[in-house]
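# Commentary on secondary and tertiary structure
Residues per chain, in single letters:
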Amino acid sequence: MVKDSIKRRKPNILVTGTPGTGKTTTSTALAEATQLNHINIGDLVKEKNLHDGWDDELDSYILNEDLVCDELEDVMDEGGNIVDYHGCDFFPERWFDCVVVLQTDNTILYDRLSRRGYKESKLSNNVECEIFQVLLEEAKESYAGGQSCCIEKRYY
Ligand SMILES: Nc1ncnc2c1ncn2[C@@H]1O[C@H](COP(=O)(O)OP(=O)(O)OP(=O)(O)O)[C@@H](O)[C@H]1O
């Protein structure tokens, strides 16, 4: 990890967390403040068709992990990226210098996702994901190699 990060002149930061916890809002503000490049994986997947179609049950695209990683390899080697996605176990660990997991109060998250018009099953899946800290555990397991891992709780 250290060897790879030495080649980068700017850091790569991963911002992860359950949908609705504020990844895009936070990443956008951070990118403006630092001039780092914000990569919203959900948008990238749609723009470049890096998926295997639509999942009616999950009500989302089925992300193709290999296509996403191939697409990002060169830009991540360069450094200077803020990657924003509600999943983190399929990115190479060596890509990131810092991993941030955002968390939100469950009631606030429920209201945010309701306002988005999420159907009941998607809404409860995401709130349960937050209650059981799925993304936090995923990040801890996936990035144990020396990245600073920071947890941000938002209650407003
Ligand atoms: N710090 C904050 N204070 C108040 N509201 C916030 C804050 N951060 C985000 N929000 C609001 O929460 C909602 C979700 O934010 P955002 O889209 O950034 O989440 P996300 O984690 O990127 O979601 P997704 O994974 O679905 O893209 C938005 O309506 C946003 O305005």
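Details of the structure are given in the entry above.
Read on for an overview of the structure. (Residues numbered from 1 in each chain as written. Predicted model: local features only at pLDDT ≥ 70, side-chain atom pairs only at ≥ 80, totals over all residues. Heavy atoms only, no water.)

## Looking at the packing of helix H5 (residues 106–115) against helix H6 (residues 120–131)
Packed helix pairs are characterised by how far apart their axes lie and by the angle those axes make with each other. Applicable threshold: Note on definitions: angles span 0 to 180 degrees between N-to-C directions of axes, and those axes are lines fitted to C-alpha atoms, for helices only across the stretch in contact. Runs of E in the DSSP output that reach at least two residues are strands. Runs of H or I that reach at least four are helices, and both are numbered from the N terminus. For classification, angles of less than 35 degrees are called roughly parallel, those exceeding 145 degrees roughly antiparallel, those between 65 and 115 degrees roughly perpendicular, and all remaining angles oblique. It is the rotation of the near helix from the far one that decides the hand of a crossing: anticlockwise by less than a right angle makes it left-handed, clockwise makes it right-handed. In what follows, a contact means two residues having at least one pair of non-hydrogen atoms within 4.5 Å. In this classification, Asp, Glu, Lys and Arg are treated as charged, Ala, Val, Leu, Ile, Met, Phe, Trp, Tyr, Cys and Pro as nonpolar, and every other residue, Gly included, as polar.
The contact between H5 and H6 brings their axes to 10 Å, and the two run at 155 degrees. Judged by the inter-axis angle, H5 sits roughly antiparallel to H6. Taken as a pair, H5 and H6 cross one another with a handedness that is right-handed. Here Asn106, Leu109, Tyr110, Leu113 and Ser114 of H5 lie close against H6, whose contacting residues are Glu120, Leu123, Asn126, Val127, Glu130 and Ile131. Residue composition of the contact of H5 with H6, grouped by class: 6 nonpolar, 3 polar and 2 charged.

## Thoughts on the layout of surface pockets
Formally: Cavity and pocket criteria rest on a 1 Å grid covering protein atoms alone: a 1.4 Å probe that fits but cannot get out defines a cavity, protein on both sides within 12 Å along at least 5 of 7 lines defines an open pocket, and an atom within 4 Å of a point defines a lining residue. Grid points are joined across faces, edges and corners, and a volume is the space filled by probe spheres set on the points.
Approximately 1,200 Å³ is the volume attributed to the largest pocket. In terms of lining, the largest pocket is formed by 38 residues, of which the most central are Pro19, Ser60, Tyr85, His86 and Tyr118. For the lining of the largest pocket, the secondary-structure elements that each account for two or more residues are helix H2 (23–34), helix H3 (41–48), strand S3 (51–55), strand S4 (60–63), H6 and helix H7 (134–142). Here the lining of the largest pocket is built from residues that sort into 14 nonpolar, 12 polar and 12 charged.

## Some thoughts on the pattern of salt bridges
So the rule is basically this: Whenever a carboxyl oxygen of Asp or Glu lies within 4 Å of a side-chain nitrogen of Lys or Arg, that contact is scored as a salt bridge. Buried means the residue's accessible area, taken with a 1.4 Å probe over protein chains only, is under 20% of the maximum for its type, while exposed means over 50%, and partly exposed covers the values in between.
For the structure shown, the criterion picks out 4 salt bridges. Among the ionic pairs, Glu73 bridges to Arg94, the shortest N-O distance being 3.1 Å. Here Arg94 lies in the loop between strand S5 (81–84) and strand S6 (98–104) and Glu73 lies in helix H4 (residues 65–78), a separation of 21 residues in the sequence. By relative accessible area, which is 29% here, Arg94 ends up partly exposed.

## Brief notes about the packing of aromatic side chains
Definition in use: Only Phe, Tyr and Trp rings are paired, with Trp represented by its six-membered ring, and only when their centres lie within 6.5 Å; those with planes under 30 degrees apart are stacked, over 60 edge-to-face, the remainder tilted. Should the NZ of a Lys or the CZ of an Arg lie within 6 Å of a ring centre and within 35 degrees of the ring normal, that charge is described as sitting over the ring.
All told, the structure shown has 7 aromatic pairs when counted by the stated rule. Relative to Tyr61, the ring of Trp54 has its centre 4.9 Å away and its plane inclined at 85 degrees; by these criteria the two rings are edge-to-face. For Trp54, a relative accessible area of 43% corresponds to the partly exposed category. When the ring of Phe96 is compared with that of Tyr143, the centres are 5.9 Å apart and the planes differ by 80 degrees; the resulting orientation is edge-to-face. Separated by 47 residues along the polypeptide, Phe96 in the loop between S5 and S6 and Tyr143 in the loop between H7 and strand S7 (148–154) bring together distant segments of the chain. Residue classification places Tyr143 among the buried positions, given a relative accessible area of 4%. One aromatic cluster is present, formed by Tyr85, Phe90, Phe91, Trp95, Phe96 and Tyr143 through successive ring pairs. Its end group placed over the ring of Tyr118, Lys122 keeps NZ or CZ at 4.4 Å from the ring centre.

## A word on unusual backbone geometry
The phi angle at Asn49 is positive, at roughly 55 degrees, despite the residue not being glycine. For Asn49, the location among the structural elements is in the loop between H3 and S3. Even without being a glycine, Gln133 presents a positive backbone phi close to 55 degrees. According to the relative accessible area criterion, Gln133 is partly exposed, its value standing at 29%.

Interpretation in functional terms is not warranted from these geometric data alone.
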